[in-house]
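This is what each chain is made of:
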Amino acid sequence: MELNKYQQEVFDKQRPVIESYGKKTWGWTIFFLLWILVGWYALYLQVDRGHSVTGMRDNVVWGLYIANFIFFIGISYAGAVISGILHILKVEWRKPIIRIAEMITVISTIIGPIYILLCVGRLDRLHHLFLYPRLQSPITWDVFAIGTYFSGSLIFLYLALIKDFAIYRDARLNIPKWKQKLYKVLAIGYRGTPSQKRHIRISTNLMAIMIIPLAIVVHSVLSWIFGMTLRPGWHSTIFGPYFVLAAIYSGTGVLIMAMWVYRRMYKLDSYLTDKHFVYLGYIMMVLGAAYGYFTFSEYLTDWFGSEKWNSEVIEKIFNPAKYGWWFLFANVAGILLPILVVAIPKTRTPNLIALASFFMVIALWVKRYLIIVPTLETPLLPVQDTRIEYVKYSATWVEWALTFAGIATFFLFFTLMSKFVTIIPISEFGDKEKQLVQPAEKEFVLANGSLK
Amino acid sequence: MKEEEKITDKSRRDFLKTAAIATVATATCGSLACSCGSGSPKKIAITDKVKLLSPDGEIVEIDSAYLNHQEHMAIVSKLEARQGIAGKRFVMVVDLSRCKNARKCVTACQKWHYRPEETEWLTVKLMKDSDKAAPYWFPKQCFHCDNPPCVKVCPVDATFKRQDGLVLIDNERCIGCKFCMAACPYSTRVFNWDEPEQPFDIMSLAPNPETGLPAKVGTVEKCDFCPDRAREGLLPPCVEACPNGVFYFGDENEDTVSNGDETVSFSQLIKDRAAYRFMEDLGTKPRVYYLPPKDRQFPVERGYDDLPDKIKERFKDIMEETKEVEKH
């Protein structure tokens, strides 16, 4: 594969990253693996002793696990929707960030469903989902939706990778044989002929179009697991779009965070520019406002209508002695903070935008917890139970261990992937004789007055 | 040595028993299917000789007097257990004016289903509908809804609605996702968070949705209206155990319900006593009707004062609140 000047530049910059697995990387890998090991031990306990080792009981039948499930499927929207939409709109500045976005999608779509499996009492019977599927059940919809979505996003990521694999194959990298061979296999004989280029272009376009409705279906179906029940706080018609919006929003946040980390770690400032942070910040701000609007609308109607059951849940969420402070945090850090940070020109810097994203992502996790637990703690009939764990949910160390193991898995996969493929796609540069970095900055300066 | 002999002897006899029942069940299956419409299944005549297949492969003939009818032995196939008892529409009426929270129903249920003390398929709640309203005892089983939210959401058809109105669970198929528990608005379902403790002979029973035994870890269970007893024309243990005749169980098609002491017309009863269904507005169409707690036979304290402390604790808030209101 012939590389043009810009491609060569990007490639040279990232070459050492995929050629070696440095001491630091090993350190992190072992650290993540240790976390995962603790998670495996927790899982062993849960399978061996039954779900009584978790904080879940007959009233609160779901807890941290389901919150994590929604959370991970949510952040997977980074690649699906953000990169899908930017691709369709042919936004040029997307090119350096699509790989990160699509990696987030694929990795979190692997991790998310693990959490729903952790909620399942009989892992030995999972094949029943395919032996006796019932189409009426939102869980069955979910199985098919997530399955399709995962395949779709994997193809989307792979399509964008084929050209790069061909580059790695032909670059005589200083890497072990098996890795060479793997690149060769994965490049599936791509030589950059016009017909090959055309095929990839068409399939990528098709996938970009398909991945967006698929993603919307996935999170809608997920929200319907709650929306279809007759529970206060869940039985809401806006749950579908509300979840979809929250998902895109948190996906953007995680994308910004990942960009920030990579930019620092591999000194990619000239590719992941300030402009990317600001533009994604704008997207985040708009999504944050929309998400805030949905949140306001949802809780206002429940509170104003003050139906008996809804009021009980609302009371728990608003009461500072119960979940009030968490709810406040979820809204301040999850809605106000990102909007303000991006809206005020002084704070519109990569570091602060990344920091705001960090808080926003945590706030959205808290929000998912607040959707699930208070409702389950408020059944329609009085609980009247003296066993405290049946009245109030509090997660056990097993659940926390598995939560952190999931996050560690996310980081581990990311580390491994970034050692296997370049974070900035190489082949994307200069298909047309358009350089991304300098002219883009010029454009940016024109539009914003200054870089900072 | 003797001990050992005894054990082998016993286990052989047990095997024969099991085999015999299996044989009898197969032989009478056809007739049973026809006779269950009348509601009085035939008892096995005890003087008959029964042919059995011995463990050595020989056919032996033994007196059926040696055969015990074993409780909890499912007499129908799993497929039949999914269809239900032909011609029946089971229904329950709960007379709230008679309940004094004696909790005999709860213990009878736990005993029959081999459930531990903490697991209550049938619970008695203390309900108080509004601030000034007088509290009343409210026994609650599964409502076996005609529009069951739990059945709708099950991804593997482990919980199902039968033609006789019952909602049962196949705990061999349940994957334990607990979606049905989240979907049930009445908190009826319970989950086996641990390996359930059961006697050995119960654990070795062939599982069947009609008996719900043996219980399995990681699966959901709930009140099943005891269809295995209904097949024999028996009332559920909760109905039989109640000292005040609170529960009426019966068949909507026959239009009769019985609390063990009296058998009355179902339609007449719910008409005369202004029966209602709990949370009718949810649209779940329960098969359990409640007779309002009017003209009560017992003051509400009768069900509270003698309770063990652990259970008393459950109702403390409401009882104290009520006492406060009465003082003023």
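Along each chain, the written sequence defines residue order, and numbers are assigned to residues from 1. Labels follow written order: the first chain is A, the first ligand is 1, and so on. Totals for whole chains, interfaces and linings use all residues, but because this is a predicted model, local features are given only for residues with pLDDT of at least 70 and pairs of side-chain atoms are given and counted only at 80 or more. Side-chain figures throughout are based on the complete set of non-hydrogen atoms in the structure, without hydrogens or water.

Thoughts on the nonpolar core
And then number 1: Buried residues of nine kinds, namely Ala, Val, Leu, Ile, Met, Phe, Trp, Tyr and Cys, make up a nonpolar core once their side-chain atoms join them within 4.5 Å. Throughout this description, buried means an accessible area under 20% of the type-specific maximum (1.4 Å probe, protein chains only), exposed means over 50%, and partly exposed covers the range between. Membership of the largest hydrophobic core comes to 156 residues, with the highest contact counts inside it found for Trp62(A), Ile100(A), Phe226(A), Leu255(A) and Ile372(A).
And then number 2: Whether two residues touch is decided by their heavy atoms; if any such pair falls within 4.5 Å, the residues are in contact. Sequence-distant contacts of Phe226(A), that is, excluding residues within four places in its chain, are made with Trp62(A), Ile66(A), Ile70(A), Trp234(A), His235(A), Phe239(A), Phe243(A) and Ile372(A).
And then number 3: Core analysis: the second largest hydrophobic core is formed by 49 residues, Val124(B), Leu126(B), Leu168(B) and Ala230(B) among them.

Examining unusual backbone geometry
Note: most peptide bonds trans; most residues except glycine with negative phi.
And then number 1: Going from Leu213(B) to Pro214(B), the amide bond is cis rather than trans, its omega being -10 degrees.
And then number 2: Put simply, DSSP marks the helices as runs of H or I at least four residues long and the strands as runs of E at least two long, and each gets a number from the N terminus on. Within the element layout of this structure, Pro214(B) appears in the loop between α6 (200-203) and β9 (220-221).
And then number 3: The backbone of Gln384(A) sits at a positive phi, close to 45 degrees, despite the residue not being glycine.
And then number 4: If you trace the backbone, Gln384(A) turns up in the loop between α14 (350-376) and α15 (388-391).
And then number 5: A positive phi angle, close to 55 degrees, is found at Lys285(B), a residue other than glycine.
And then number 6: By secondary structure assignment, the location of Lys285(B) is in the loop between α9 (266-272) and β13 (288-291).
And then number 7: Overall, Lys285(B) belongs to the partly exposed group, its relative accessible area being 43%.

Structural notes on the interface of chain B and chain A
And then number 1: Taken together, the 49 residues of chain B in the interface contact 42 residues of chain A.
And then number 2: Note on definitions: buried area is the accessible-area loss of two parts on being combined, 1.4 Å probe, summed for both. Buried surface at the junction of chain B and chain A, summed over both partners, amounts to about 3600 Å²; 59% is from carbon and sulfur atoms.
And then number 3: Looking at the side of chain B facing chain A, the largest losses of area belong to Ile175(B), Phe179(B) and Trp193(B), adding up to 21% of the total buried there.
And then number 4: Salt bridges are defined by distance alone: a side-chain nitrogen of Lys or Arg within 4 Å of a carboxyl oxygen of Asp or Glu. Inspection of the region where chain B meets chain A yields one salt bridge.
And then number 5: Asp157(B) is the partner of Arg134(A) in a salt bridge, and the nearest nitrogen-oxygen pair spans 3.6 Å.
And then number 6: Two N or O atoms count as a polar contact when they lie within 3.5 Å, although within protein this holds only if one can serve as hydrogen donor and the other as acceptor, and sequence-adjacent residues are included solely when both atoms are side-chain atoms. Counting the contacts that link chain B with chain A gives 25 residue pairs in polar contact (both at pLDDT 80 or more).
And then number 7: Elements that contribute at least two residues to the side of chain B that touches chain A include exactly β4 (123-127), β5 (136-140), α4 (149-153), α5 (179-183), β8 (190-191) and α10 (309-327) of chain B.
And then number 8: At five residues, the largest contribution of residues to the side of chain B that touches chain A is made by α10(B).
And then number 9: Gly falls in the polar group here, along with every residue not listed as nonpolar (Ala, Val, Leu, Ile, Met, Phe, Trp, Tyr, Cys, Pro) or charged (Asp, Glu, Lys, Arg). A class-by-class count of the residues in the side of chain B that touches chain A yields 29 nonpolar, six polar and 14 charged.

Purely geometric numbers; function is a separate question.
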